[in-house]
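Chain residues, written in single-letter form:
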Amino acid sequence: MQAGGDRELQAKNYLEKHRIMELLNYLTSALLFFRPEKPREYLISILERLRIAKITGVAFPFFMDHSNIVSMFEMMDTSEKGTVSFARYREGLKTLGLLNEDEVLKDDGHVITLEKFRSEVNKRTEKIWSAF
């Protein structure tokens, strides 16, 4: 029984070390957000761009361009005030695969603007890609 537990622990450690679950979560979120006609080719292209960025040192690919971020923000901003609540902001980051389930964000009581949301999406995306 112990051998199975060791294998499970080794697998868990491997996945954590290489941040595989984060990568898969982000890829799945991007896939569901963009819903490409050819999902396999889309995923391959993301991984290929990531590989090239890593090898050449060019900027990591951002798959959420400005118009996508604006669209996401507008979906969250149902009152059309140009701001969203902290709860919607947190859920938006989760939806995009940019917030871990166990991660705690501090709510400073301020509403979130498009610029803050865009900045956080780009910062978190770069952090994810740079880890791979």
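For every chain, the first residue of its written sequence is number 1, and the numbers climb from 1 along that sequence. Where local features are concerned, this predicted model is filtered to residues with pLDDT of at least 70; where side-chain atom pairs are given and counted, the filter is 80 or more; whole-chain, interface and lining totals use all residues. The side-chain numbers reported here are obtained from all heavy atoms of the structure, hydrogens and water having been left aside.

Under an unreviewed UniProt entry, the name given to the protein is EF-hand calcium-binding domain-containing protein 10 isoform X1, and the organism recorded is Leptonychotes weddellii.

Student: Quick one: what's the story with the packing of helix H4 (residues 66-76) against helix H6 (residues 114-130), residue by residue and with numbers?
Tutor: Only C-alpha atoms enter the line fits that serve as axes; for helices the fit covers just the stretch in contact. Angles between N-to-C directions range over 0 to 180 degrees. We count a stretch as a helix when DSSP gives it H or I for four or more residues in a row; a strand needs E for two or more, and each element gets its number in order from the N terminus. In contact at an axis separation of 10 Å, H4 and H6 are set at 125° when each is read in the N-to-C sense. Taken together, the axes of H4 and H6 are oblique relative to one another. Both H4 and H6 take part in a crossing whose hand is right-handed. The residues of H6 that touch H4, namely those facing His66, Ile69, Val70, Met72, Phe73 and Met76, are Leu114, Phe117, Arg118, Val121 and Asn122. Here is the rule for angles: anything less than 35 degrees is roughly parallel, anything more than 145 is roughly antiparallel, 65 through 115 is roughly perpendicular, and the remaining ranges are oblique. The sense of a crossing depends on the near helix, which, turned anticlockwise from the far helix by less than a right angle, makes the crossing left-handed and, turned clockwise, makes it right-handed. Any two residues whose heavy atoms approach within 4.5 Å at even a single point are treated as in contact.

Student: An account of the layout of surface pockets is requested, with residue identities and associated values reported.
Tutor: Using a 1 Å grid laid over the protein atoms alone, points where a 1.4 Å probe fits but cannot get out form a cavity; open sets with protein on both sides within 12 Å along at least 5 of 7 lines form a pocket; any residue with an atom within 4 Å of a point counts as lining. Grid points are joined across faces, edges and corners, and a volume is the space filled by probe spheres set on the points. Here the largest pocket defines a volume of roughly 220 Å³. Lining the largest pocket are 13 residues, with Leu98, Glu103, Arg124, Lys127 and Ile128 positioned closest to its centre. Only helix H2 (20-34) and H6 provide two or more residues apiece to the lining of the largest pocket. At five residues, H6 tops the list of elements feeding residues into the lining of the largest pocket. Amino acids outside the nonpolar list (Ala, Val, Leu, Ile, Met, Phe, Trp, Tyr, Cys, Pro) and the charged list (Asp, Glu, Lys, Arg) are all regarded as polar, and Gly is one of them. Tallied by class, residues from the lining of the largest pocket come to three nonpolar, three polar and seven charged.

Student: Give a description of unusual backbone geometry that names residues and reports values.
Tutor: Although it is not a glycine, Arg35 adopts a positive phi angle of roughly 45°. The topology assignment puts Arg35 in the loop between H2 and helix H3 (39-56). Given the relative accessible area of 63%, Arg35 is considered exposed. Residues other than glycine seldom take positive phi values, yet Glu80 does so here, at roughly 55°. One can find Glu80 in the loop between H4 and strand E1 (83-84). With a 1.4 Å probe rolled over the protein chains alone, any residue whose accessible area is under 20% of its type maximum counts as buried; one over 50% counts as exposed, and the rest are partly exposed. Looking at Glu80, the relative accessible area reads 71%, which means it is exposed.

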